[in-house]
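Chain by chain, the residues run as shown.
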Amino acid sequence: MPNCKSKRTIDFMKLLALAVAALIPCIAASPDVDKNKTMGNPNAPLMFELYSDFMCPHCKVMHETILPSIVQDYVKSGKAYLIFREFPLQIPQHVYSRAAAALAVAAGRIGKYQAVNDALFKTQTSWGATGKLWEAVAPVLTPDEQKKVQALANDPSVLAEVQVDVDRGMKAQVNETPTLMITYKMKQQPWAKWADYSFFKSYVDGLLKN
Amino acid sequence: MDFSKTKVLKIAVVVLRVILGGLFAYAGYLKLAQPWQLFAANIAEYQVVPMWAASFIARTLPWFEILLGVMVIVGRWTRTSTVMLSGILLVFFSLMVRAKLQGKEIDCGCFGSGDPISWKTLLRDGSMLAGALFITVMAFRNRRTTA
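Residues numbered from 1 in each chain as written. Chains lettered and ligands numbered in written order. Predicted model: local features only at pLDDT ≥ 70, side-chain atom pairs only at ≥ 80, totals over all residues.

*Asks:* So what's going on with the overall build of chain B? Residues and values would help.
*Replies:* Looking only at helices and strands, one finds 5 helices and 0 strands in chain B. C-alpha extents for chain B along the principal axes are approximately 50 × 30 × 25 Å. For chain B, with 147 residues in total, the buried portion stands at 35%. Considering only contacts within chain B whose residues lie at least 6 apart along the sequence, 67% involve residues at least 24 apart. (Helix = DSSP H or I, 4+ residues; strand = E, 2+ residues; numbered from the N terminus. Buried ≥ 20, exposed ≤ 12 C-beta atoms within 10 Å, placed from the backbone. Contact = placed C-beta atoms within 7 Å.)

This is the structure in structure tokens:
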């Protein structure tokens, strides 16, 4: 027969088990992501997941003109946590998209995701035509980093990470790029209209007021 | 059973009114189910109206579509409602053709977001316009017949 102390221990263990059981769905719901592919505070009220394709011209425009405003208005101010997701479109024109995504993810493994992300979009027109991705990526890496990224780019776990993002996007019904998945209070809203930033801002500011 | 031409036409008009009115009301409902700012951004992509007008249209058009759809279905003010339906569909169709000819890769915005302008959407909206013009003509023809 268990004594009082051991009964307390059993009760504590039961409570602990219940707490863990209650936390499991939360753990499962949290985004599985490499920290190098994120910006901002993970506990921010808003979560933005940006689904991009490195060969998509609209994604280049988004990355170079709209994303800086989003980062300034919501990420740096602690209102939003930004996650970069790979979404290479399966269309014949985007033949190098998946390889570019793999390079970016590989660079992420050594903490160079943002640098490679910027470089790929900046030189999109040239490597998009020639397929010489490495010429775009190499200048932003040291010789040692270059070796690591080249080795990682063909690593099955890196290729799998790209596919995880694609699957996640498909599940969330992302059907075009760039799409920003806005998550607020467990509710998701995809946003893919970037003709005018003010409408996006109006929507997000409205969410934060609620 | 008498299947005269007039009776067949009358049945066709009622069926078309229900289909077109239903589609219009459904399109309005889908737009209301998403943030108005998303529809406004969609309108802005056509680059035909200023931003303030895109905001105004995005806030009011879905309600108007529902009201017009219901009017067309129930047959209230048939001539007015069918003329309005044809007119609005003519505007939508023209804007879509213009965007397609300009090579714009944008959403139609007809039934919420995620519906890019393609030959399929043009065929769909073109068929709706043809149907709307038909019931409009019939509404005026019936008036002349009864007068």
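*Asks:* Please provide a residue-by-residue account of the nonpolar core, values included.
*Replies:* Of all hydrophobic cores here, the largest spans 85 residues; its most connected members are A:Ala100, A:Ala102, A:Leu103, A:Ala104, A:Leu120, A:Val137 and B:Ala40. Among residues more than four places away in sequence, those in contact with A:Ala100 are A:Phe54, A:Met55, A:Leu120 and A:Leu133. (Core = buried A, V, L, I, M, F, W, Y, C linked by C-beta atoms within 7 Å.)

*Asks:* Could you give me a rundown of the sheet that holds strand 2 (residues 46-52) of chain A, with the residues and numbers involved?
*Replies:* What the 5 strands build is an open sheet, ordered 1-3-2-4-5 (chain A); its pairing is mixed. Both edges of this open sheet fall to strand 1 (38-39) and strand 5 (187-191) of chain A, since each of them pairs with a single strand only. (Pairing = 2+ DSSP bridges.)

*Asks:* Could you give an account of unusual backbone geometry, naming the residues involved and the relevant values?
*Replies:* Residues and elements named next belong to chain A. Here Thr177 and Pro178 are connected by a cis peptide whose omega angle stands at -5°. Note on placement: Pro178 falls in the loop between helix 8 (156-171) and strand 4 (179-184). Non-glycine residue Lys185 carries a positive phi angle of around 50°.

*Asks:* Explain the confidence of the model for chain B to me, and be specific about the residues and the numbers.
*Replies:* Residues and elements named next belong to chain B. Of all residues in chain B, 94% have pLDDT values of 70 or greater, and the mean over the chain is 91. Mean pLDDT values over the elements of chain B span from 88, in helix 5 (residues 119-146), up to 96, in helix 3 (residues 51-74). Among the prediction metrics, the complex's ipTM stands at 0.79, with pTM recorded as 0.80. (pLDDT = per-residue confidence, 0-100.)

*Asks:* Quick one: what's the story with the packing of helix 3 of chain B against helix 4 (residues 78-101) of chain B, residue by residue and with numbers?
*Replies:* All names here are of chain B. The interhelical angle for the contact between helix 3 and helix 4, taken along N-to-C directions, is 130°, at an axis separation of 9 Å. Considering the angle they form, helix 3 stands oblique to helix 4. Considering how the two elements wind past one another, helix 3 and helix 4 form a crossing that is left-handed. On the side of helix 3, the interface is formed by Leu68, Met71 and Val72, while helix 4 contributes Ser81, Thr82, Met84 and Leu85. When the residues that make up the contact of helix 3 with helix 4 are grouped by side-chain class, the tally is 5 nonpolar, 2 polar and no charged. (Axes fitted to C-alpha atoms, helices over the stretch in contact; angles between N-to-C directions. Parallel < 35°, antiparallel > 145°, perpendicular 65-115°, else oblique. Left-handed = near helix turned anticlockwise from the far one by under 90°. Nonpolar A, V, L, I, M, F, W, Y, C, P; charged D, E, K, R; others polar.)

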